[in-house]
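Fold and geometry: a report
The chain contents come next:
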Amino acid sequence: MADVPMDINQVSLLARLPLTEEEAQRFAGQFSRLFEFIADLQRLDVSAVHATAQVIPLHNAFREDEIRPSLDREVALENAPDSEGGYFKTPRILD
Amino acid sequence: MSSIHATSLPTGHALREAIRRRERSAEEITRAALHDAESLQGPLHAYIRLLPERALERARRIDGLVRAGEPLGTLAGVPVAVKDLFCLQGEFTTCGSRILENFRSPYSATVVEKLEAAGAIIIGKTNMDEFAMGSSCENSAFFPTRNPWDTTRVPGGSSGGSASTVGARTVPIALGTDTGGSIREPASFCNIVGVKPTYGRVSRYGMIAFASSLDQAGPMTADVRDAADVLEVIAGYDPMDSTSVDVAVPPYASELPDDLHGVRIGIVAEFEASIAQGDAALAALYKQAYKDLERLGAQLVEVHLPHAQYGLATYYLIAPAECSSNLARYDGARYGRRVDGDGDVYAMFDRTRAAGFGDEVKRRIILGTYALSTGYYDAYYVRAQKVRTLIKSDFDSAFAECDVIACPAVSCPPFELGAKSQDPLAMYLMDYFTIPMSLAGIPALSIPAGYVSDLPVGLQIVAPAFHEGRMLAVAHAYEQATQHAAARIPAVRSEGARAS
Amino acid sequence: MQQAIERNVSYQPVIGLEVHVELATQSKMFCGCRNVFGAPPNTLVCPVCLGMPGTLPVINRRAVEFLCKTGMALGCDVAPFSKFDRKNYFYPDMPKNYQISQYDMPLTTGGSVRLASGKRIALNRIHLEEDTGKNIHAGTSMAASEYTLIDYNRAGVPLMEIVSEPHIATPEEAEQYLSALKSVLSYIGVSDVKMHEGSLRCDANISVRPAGTSTLGVKAEVKNMNSFRSVVRALRFEIERQTEALTSGERIIQETRNWDDARGVTYSTRSKEQAHDYRYFPDPDLVPLTLDDATLAQWREELPELPLDKRDRFIAEYGVSEYEAGILTEDRSAAEFFEAVARACGDGKQAANWMLGDVRRSLEKHSLTLATSPVRPAQLAELIRIVAAGQISGKAAKEVCDAVVAEGTDPQAVVAQRGLSQISDTEAVGAMVDDALAANPESVASYKGGKAKALEFLVGQVMKSSRGKANIDIVRELLRERLG
């Protein structure tokens, strides 16, 4: 099994995805097997290779600065779990 | 009437002609498809939701056009199913997830609009692995879908519902999406044609994202002609998608030959070595497929994809990284499920996400978050992007030697439910032969190639970017010569016949 | 000795500013929703800017143009290759829980802002990103609120971040920097630059170090400053706070501090519980920007003359003082108005006098601005010309100016309507002078007898008989001439 230098609790905090103890342990074991494959990548010499973020050779995909209709507010808020007075409503933010 | 086509397999183009000639009405066909979908929901669970009212209303509109002698679209009156990650205005779109189970989209995906503009009748939204993450459709938050050729087995995934319903011949056409094999693997499992177009060929607008640099929508159909028709309808530049490419869409369906004279077909040495180590019957099936291609006039040439073996590792860094960011928006603030309770907004985010996502999605979000985090970004994410470059250039070199590549779509026939669900890595390995094409952004399809122990298996045909026509032409000639899918009736039909 | 120096050490501040500017495009950065301030909540939103599932961003060309023009105006290098990245963090006003921004390849780098004093503050970079929505905390304070209300109208508005090098030496210089920047942005028309509406926002990085040393101290990031004045006050406060802390041997910690305008203090926001690791990566929904030379050349061509260049040119070309030129060029349209007047009348000095004197007074009196007043440059130029030609008196000119500014009537028409023109014809005035001399022999005698005051009486008589229209300078000149 590959040694994965992952602090799974720290990562879950970043991802805002709390894991149970059981999940954390199970995932860690599964990642360990996956990282055996991932370790293969470390053996390749890629120093002279450029990174591909997008496979298509496109540049400058623009839209013109033109106004298009917005949603009616009722439609915008239709899916909101909670709303009030035309606003989306959430529990308070503690900064 | 228990199916739209009791005796021979229905195709979209056959139905369209029947409607044009006024032999059958769109409404009658739609009713039959809806009825069939409902009666097969028990054994297959292919649909998350059927849309009878919307479908019948649109079918009647097509019939009105027919009566008035108005021009008809390519798919006029043909019943289709779409994977439940295509947004459809006013309808629920769940992406197979609890977190979106109550989400009703205020807009439609571009491909859905194009399908409907061509006259297609959307009868329902199909089941899928949650957020398109999976290869068996068992990761759906709602229920697993089953394979029409053996209902104890999986239909493949993530587009399992679409594959299952087309495989059962309820509808001739469905839309799926493919990120690392999610159209091709289920197409292979369900004995249908499944096409993953070139990245950028089909708009992604309105298609719920898994991994943005890899996701592509494509047709899953009864035959190659239908696939060609559908691709022609859905392909093309969309100003709403910056990554869609403004390249002319050729008339794919009118360029489907019956022989392969002068075509050079590449056989991938590395893949053959790999398949030779596995199931002997499967290896023999693929050998036979290459021979059939040769018999049709093609010239077989050996090609090499030396970095394809790194595809899996590369994919499982890039796709989760993009997914971790794409799925951050599901937080319970604006839409979808919210899990309330004490505490501030972040407590709500945490509870909502912990309860709303399933295992596989959580696994990939954690993995992707890690791959992008400080200290690991260069070692994992950037390195994966560089290997992606190597994989892509392997294909460039291979296509200097051949016109298309033929290779396995899968490393095994459909497996039993539960067989791999406790072993993520075994599930990931299902996409071994399909991932490299996704990383390279090139088009690939799976076409029925025969049976191993009475279970269907697909052959993969791969073409250079934007040469879908070439790939469809080869698939068509092969299909016409072999007729693998047409030769048998899916088990769910004979079981159903026995039951009634 | 050594200790004595240490005790008396003086600290100098090191300040860098991060200025966020909302661009005045018609539509948002990545979707077609209208970009305007003050609409009812959540009425300027669509699936894209609400971050709905399946939506994709498409770059607004005008926003890129505005940023590049800003960069060109400030002498920045426009990158031949640029891209957008995702900045990942969770915050309820951010619909996707990532912000589309630019990380390692901003649209421009380098450049500088030239202050009125002539000093240049170097820039690090300018990049393009999307604004967030707005949270409204129900209740009296954030801590006391039960819940939060969110308006996403502002989410997705194009935002330009201008990052200076830490080369600003004083709070006053920070204000000059902001003022110069605001002036440039307003000249090129890329933003409303209204700090009170949030279209220009400023954060400051500030540290202090012993005078004469070159290592940077530990900095604080100060946020929530809503006016130029609050920037100056907040920076002064921070300098004092940090200096006191260091003098009394405390350590400064790197932190974010909010400015409380009412209490006049900054306070630590405390590091949020949230882990901060933005996990930037190239946004796979967008493709890179490679702006071609022709486009860049065209944008450069479209740039107006900048405020300080205009100021310098006005000094050289129209002979106005630096102070006058500074005021005349504060606003681009006012400067252009002045220049049109100056060109049409051929006397820049006079044009400046009028613009900064009577025109400004009349505008204020009628609660007008140059933009809202009907006055046209040609009318003011005409007024200046007829005064110079002696057609009307200085006193009448003020009256004409007021009417022109308030009503936009041509000066000649005002003069005619109100009978304000002067008689400057020597023959006509000579006849009136002769009449007055003939009618007042005793005054003639007394003047000749040495009483200079008698001349003024005669002037008065001529003005009276002309009903005030005779050119008083000519009357006086002719009287002196005839009285020898």
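The shown structure was predicted, so the numbers you read here are calculated from the model rather than taken from an experiment. (Residues numbered from 1 in each chain as written. Chains lettered and ligands numbered in written order. Predicted model: local features only at pLDDT ≥ 70, side-chain atom pairs only at ≥ 80, totals over all residues. Heavy atoms only, no water.)

Comments concerning the overall build of chain B
For clarity, the cut-off: Labels follow the DSSP assignment, with helices taken as runs of H or I lasting at least four residues and strands as runs of E lasting at least two, numbered in each case from the N terminus. Just to be clear, the radius of gyration here is over C-alpha atoms, and the globule rule we use is 2.2 Å times residues to the power 0.38. Under the scheme applied here, a residue whose accessible area is under 20% of the maximum for its type counts as buried, over 50% as exposed, and between as partly exposed, the area being computed with a 1.4 Å probe on protein chains only. Contact between two residues is taken to exist if any of their heavy atoms lie within 4.5 Å; hydrogens are not considered. Only the protein chains shown count as cover for residues, and all accessible areas are computed by the Shrake-Rupley method using a 1.4 Å probe. Charged residues are defined narrowly, with Lys and Arg counted positive, Asp and Glu counted negative, and His plus the chain ends left uncounted. In this description, the location of a charge corresponds to atom NZ of lysine, CZ of arginine, CG of aspartate or CD of glutamate.
Check the secondary structure of chain B and you find 17 helices and 11 strands. Scaling as 2.2 N^0.38, a compact globule of 500 residues should have a C-alpha radius of gyration of about 23 Å, and chain B matches this with 21 Å. Its C-alpha atoms give chain B principal-axis dimensions of roughly 65 × 55 × 45 Å. A buried classification covers 69% of the 500 residues belonging to chain B. When contacts within chain B are restricted to residue pairs at least 6 apart in sequence, those whose partners lie at least 24 apart make up 76%. Counting only carbon and sulfur atoms, one obtains 49% of the accessible surface of chain B, whose full area is about 14,500 Å². For chain B, the separation between the mean place of its 47 positive charges and that of its 58 negative charges on side chains is 3 Å.

Here we look at the overall build of chain C
Counting its regular elements, chain C contains 16 helices and 16 strands. Relative to the compact-globule value of 23 Å for 484 residues, chain C shows a C-alpha radius of gyration of 32 Å, a clear excess of over 25%. Its C-alpha atoms give chain C principal-axis dimensions of about 100 × 70 × 50 Å. When the 484 residues of chain C are sorted by exposure, 54% land in the buried category. Of the contacts formed within chain C by residues at least 6 apart in sequence, a portion of 69% connects residues at least 24 apart. Of the accessible surface of chain C, which amounts to about 21,700 Å², a share of 49% is contributed by carbon and sulfur atoms. In chain C, 56 positive and 64 negative side-chain charges are present, and the distance between their average locations comes to 3 Å.

Focus: the interface of chain A and chain B
Where interface size is given, it is often the accessible area lost as the parts come together that is meant. Test applied: Note: buried area is the sum, over both parts, of the accessible area (probe 1.4 Å) each one loses when the two are combined. Side-chain atoms alone can form a polar contact between residues adjacent in sequence; in general such a contact is a pair of N or O atoms within 3.5 Å, and within protein one must be able to donate a hydrogen while the other accepts it.
Taken residue by residue, the interface counts 51 residues in chain A and 66 residues in chain B. Counting each side, the surface lost to burial between chain A and chain B is near 5,300 Å², with a carbon and sulfur contribution of 68%. One can count 20 residue pairs in polar contact (both at pLDDT 80 or more) joining chain A with chain B. Counting residues per element, the ones that place at least two in the side of chain A that touches chain B are α1 (8-14), α2 (21-42) and β3 (87-91) of chain A. Sort the elements by how many residues they give to the side of chain A that touches chain B and α2 of chain A lands first, with 13 residues.

Topic: helix α9 (residues 280-295) of chain B
All names here are of chain B. Condition: Expected helix span is given by 1.5 Å per residue-to-residue step, counting one fewer step than there are residues.
For α9, which comprises 16 residues, the first-to-last C-alpha distance of 22 Å matches the rise-based estimate of 22 Å (1.5 Å per residue) to within 8%. Among all positions in α9, only Leu282, Ala283, Leu285, Tyr286, Ala289, Tyr290, Asp292 and Leu293 are buried. A distance of 2.9 Å separates the backbone nitrogen of Ala281 from a side-chain oxygen at the start of α9, and that oxygen is part of Asp279. Phi turns positive one or two residues past the end of α9, at Gly297, with a value near 110°.

Some words on the pairing of strand β5 (residues 98-101) of chain C
All names here are of chain C. Quick reminder of the rule: The criterion for strand pairing is that DSSP finds at least two bridges linking the strands in question.
Side chains Tyr98 and Ile100 project from β5 onto one buried face, and the interleaved Gln99 and Ser101 project onto a second face that is buried too. The pairing of strand β4 (residues 85-88) with β5 spans four bridges and is classified as antiparallel. Note that in β5 the partner of Asp85 across the bridge is Ser101.

Let's talk about the sheet that holds strand β9 (residues 404-408) of chain B
All names here are of chain B. Stated precisely, the cut-off is as follows: To get an axis, a line is fitted to the C-alpha atoms, and for a helix only the part in contact is used. The angle between two axes follows their N-to-C directions and goes from 0 to 180 degrees.
With respect to topology, 11 strands assemble into an open sheet ordered β1-β3-β2-β4-β6-β5-β10-β11-β9-β7-β8, the strand pairing being mixed. Edge positions in the sheet fall to β1 (47-50) and β8 (299-303), since each of these pairs with one other strand and no more. When strand polarity is set aside, the average angle formed by the axes of neighbouring strands in this sheet is 30°. In the sheet, strand β5 (residues 193-196) pairs with strand β10 (residues 444-452) via three bridges, with the strands oriented antiparallel. Residue pairing for β10: Gly194 is matched across the bridge by Ser446. Against the sheet, helix α8 (residues 269-276) makes contact with β7 (264-268), β8 and β9, and its axis sits at roughly 50° relative to β7, the strand it touches most.

Considering the side chain of Gln41 of chain B
All names here are of chain B. In this fold, Gln41 is placed in helix α2 (residues 26-44). A polar side-chain atom of Gln41 sits 2.7 Å from the main-chain carbonyl oxygen of Tyr47. If sequence neighbours within four positions are ignored, Gln41 has contacts with Ala46, Tyr47 and Phe143.

Remarks on unusual backbone geometry
With an omega dihedral of 10°, the bond running from Gly157 of chain B to Ser158 of chain B counts as a cis peptide bond. With a phi close to 50°, Asn60 of chain A is a non-glycine residue in the positive phi region. Examined against the element boundaries, Asn60 of chain A turns out to sit in the loop between α2 and β1 (62-63). Residue class for Asn60 of chain A comes out partly exposed when judged on its relative accessible area of 24%. One non-glycine residue, Phe131 of chain B, adopts positive backbone phi at about 55°.

Structural notes on the environment of Ile99 of chain B
All names here are of chain B. Inspection of the secondary structure assignment puts Ile99 in the loop between β2 (79-83) and α4 (110-117). Ile99 gets classed as buried once you look at its relative accessible area, which sits at 2%. For the pair Ile99 and Thr352, spaced 253 residues apart in sequence, the C-alpha to C-alpha distance is 7.7 Å. Discounting chain neighbours no more than four positions away, the residues touching Ile99 are Phe131, Tyr330, Gly336, Arg337, Thr352, Arg353, Gly356 and Phe357.

So, the interface of chain C and chain A
Spelled out, the test is: Whenever a carboxyl oxygen of Asp or Glu lies within 4 Å of a side-chain nitrogen of Lys or Arg, that contact is scored as a salt bridge. Residues were grouped as follows: Ala, Val, Leu, Ile, Met, Phe, Trp, Tyr, Cys and Pro as nonpolar; Asp, Glu, Lys and Arg as charged; and all remaining residues, including Gly, as polar.
Of the residues lining the interface, 58 residues belong to chain C; the matching set on chain A comes to 35 residues. It is Arg61, Leu149 and Val287 of chain C that lose the most area in chain C upon contact with chain A, and together they represent 14% of the buried surface on that side. At the boundary of chain C with chain A, the tally comes to one salt bridge. The partner of Glu64 of chain A in a salt bridge is Arg61 of chain C, with the nearest N and O atoms 2.9 Å apart. Across the chain C-chain A interface, the total number found is 21 residue pairs in polar contact (both at pLDDT 80 or more). Here the side of chain C that touches chain A gets five residues from one element, more than from any other, and that element is strand β10 (residues 147-151) of chain C. Residues that form the side of chain C that touches chain A fall into these classes: 34 nonpolar, 14 polar and 10 charged. Taken together, the four bridges between β3 of chain A and β10 of chain C define a ladder with antiparallel strand orientation. Bridging from a neighbouring strand, Phe88 of chain A pairs with Ile150 of chain C of β10 of chain C.

Quick word on the environment of Tyr147 of chain C
When you line up the elements, Tyr147 of chain C lands in strand β10. On the basis of relative accessible area, Tyr147 of chain C is assigned to the partly exposed category, the value being 23%. For the pair formed by Tyr147 of chain C and Ala335 of chain C, sequence separation is 188 residues and the distance between their alpha carbons is 49 Å. Among the polar contacts listed, one links the side chain of Tyr147 of chain C to the side chain of Glu84 of chain A, at a separation of 3.1 Å.

Observations regarding the pairing of β4 of chain C
Residues and elements named next belong to chain C. Neither face of β4 is left uncovered, since the one carrying Asp85 and Lys87 and the one carrying Arg86 and Asn88 both have all their residues buried. Across two bridges, β4 lies against strand β16 (residues 281-282) in antiparallel orientation. Residue pairing across strands places Asp85 opposite Pro282, the latter belonging to β16.

Points about the domain arrangement of chain C
Heads up, the condition is: Marked domain ranges trace back to an automatic or database domain assignment.
For chain C, the assigned domains are domain 1 (2-295), domain 2 (305-418) and domain 3 (426-482). A separation of 72 Å is found between the C-alpha centroids of domain 1 of chain C and domain 3 of chain C.

Things to note about helix α8 (residues 332-345) of chain C
All names here are of chain C. In this model α8 runs 20 Å from its N-terminal to its C-terminal C-alpha over 14 residues, within 8% of the 20 Å that 1.5 Å per residue would give. Buried within α8 we find Ala334, Ala335, Phe337, Phe338, Glu339, Val341, Ala342 and Cys345. At its buried positions, α8 is contacted by α3 (171-188), α6 (307-318), α7 (322-328), α9 (348-365) and α10 (377-388).

A closer look at the pattern of salt bridges
Using the criterion set out here, one finds 74 salt bridges over all chains in the structure. The salt bridge involving Arg16 of chain B is made with Glu17 of chain B; its shortest N-O contact spans 3.4 Å. Arg16 of chain B sits in the buried class, given a relative accessible area of 13%. With a relative accessible area of 28%, Glu17 of chain B lands in the partly exposed category. A single network of salt bridges, built from pairs that share partners, joins Glu22 and Arg26 of chain A together with Asp359, Glu360, Arg363 and Arg364 of chain B.

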